[in-house]
Amino acid sequence: MERNARHGGEVKVAPSVLSARPLELESQVRQVALAGADMLHLDIMDGNFVPNLTFGPATAKALSSINLLPLDVHLMVSAACLDWAIPAFAEAGARYITVHSEVTPHLSRTLRTIRGLGVRSAVALNPATPPDFLPYVLDELDMVLIMTVNPGFGGQAFIPAMLKKIEVVREMIDRAGVPCEIEVDGGIDAATGAEAVARGATILVAGSYVFSATDPGEAVRSLKMCSRER
Ligand code: DX5
Ligand code: ZN
């Protein structure tokens, strides 16, 4: 409670449409928006950086045109894709664009490019990626995404060792005094979400917990409660 108050109040919830039913996308997005979701998390996979394929800019554009929730675009793509993918998803209406630190030796330049397009910038860290470099780019970041599973698929189990990483990143951000969000992604439900928020996460991404629930709206509301439970 105290920690959360320090970081700007209620936790934000970003349902991941990876787990939504493709033929009911619009109605499912409407359902989570009505329940109080803050953003819509869109996982972009290129079949190279991760062993899966998902959505392109046309889907992002369609989701942003219904104007229900800001789009949180998580790029799980290799370096070769970044040059065209960043402007394409900015044009499609992304609020945030996240790139993986593992794919580019030019992270600072990439983050500047994202902000230059009027989009909030974020970096994602795979479970085995140490956060040591973050203090050097915090001024260029609006969000750090801590992967709490290995990227590529929904429905995997939360990796408990990531709780320590959340704490370490929280400390770095507090020390720098910058308004940078901490998003966690993978295996998030009401229990793991509460653990992550207690360590300093401010945005919870959840795919299967929300969209495989009998009532996705209720699942969103239970995640919003994570900030109040401690
Ligand atoms: C995994 C994706 C996640 C995924 C999470 O690579 O980045 O956003 O949708 O799914 P759950 O919440 O089911 O672990
Ligand atoms: Zn994701």
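**A look at the overall build of the protein chain**
Along the protein chain, the regular secondary structure elements total nine helices and eight strands. In terms of C-alpha radius of gyration, the protein chain reaches 16 Å, essentially the compact-globule figure of 17 Å for 230 residues. On the principal axes, the C-alpha backbone points of the protein chain span a range of 45 × 40 × 30 Å. Considering the protein chain as a whole, with its 230 residues, one finds that 53% of them fall into the buried category. The distance from the centre of the 20 positive side-chain charges to the centre of the 26 negative ones in the protein chain is 4 Å.

**Considerations on the site of ligand 1**
The environment of ligand 1 is formed by 20 residues, the closest being Ser16, Gly152, Asp185, Gly207 and Ser208. At 2.7 Å, a side-chain N or O of Ser16 approaches an oxygen atom of ligand 1. Within the backbone of Gly152, one N or O atom sits 2.7 Å away from an oxygen atom of ligand 1. Contact with the protein chains covers 100% of the free accessible surface of ligand 1, which is 380 Å². Because more than half of its atoms lie within 2 Å of the grid, ligand 1 is assigned to the largest pocket. Contributing elements (two or more residues each) for the shell around ligand 1: strand E2 (40-45), strand E3 (71-76) and strand E8 (203-206). No other element matches E2, which puts three residues into the shell around ligand 1.

Rules used throughout
- Every chain is numbered on its own, with residues counted from 1 as its sequence reads.
- Chains and ligands are labelled by the order in which they are written, letters from A for the one and numbers from 1 for the other.
- Local features in this predicted model are restricted to residues whose pLDDT is 70 or higher, and side-chain atom pairs enter the listing and the counts only when it is 80 or higher, whereas totals over whole chains, interfaces and linings include all residues.
- Side-chain figures throughout are based on the complete set of non-hydrogen atoms in the structure, without hydrogens or water.
- Numbered from the N terminus, helices here are DSSP runs of H or I no shorter than four residues, and strands are runs of E no shorter than two.
- The reference for a compact globule is 2.2 Å times residues^0.38; the radius of gyration itself is calculated from the C-alpha atoms.
- Exposure classes here rest on a 1.4 Å probe applied to the protein chains alone. A residue is buried below 20% of its type maximum, exposed above 50%, and partly exposed in between.
- The charge count treats Lys and Arg as positive and Asp and Glu as negative. His and the chain ends do not count.
- Taken as the charge centre is NZ of Lys, CZ of Arg, CG of Asp or CD of Glu, depending on the residue.
- The near set for a molecule or strand comprises every residue that places at least one heavy atom within 4 Å of it.
- The definition of a polar contact used here is a pair of N or O atoms within 3.5 Å, where within protein one atom must be able to donate a hydrogen and the other to accept one, and adjacent residues in sequence count solely through side-chain atom pairs.
- Reported accessibility uses the Shrake-Rupley method at a 1.4 Å probe radius. Residues are deemed covered only where the shown protein chains occlude them.
- Grid spacing is 1 Å over the protein atoms alone, the probe is 1.4 Å, and a cavity is where that probe fits but cannot get out, while a pocket is an open set with protein on both sides within 12 Å along at least five of seven lines and lining residues have an atom within 4 Å of a point.
- What decides whether a molecule sits in a cavity or pocket is whether more than half of its atoms lie within 2 Å of the grid points.

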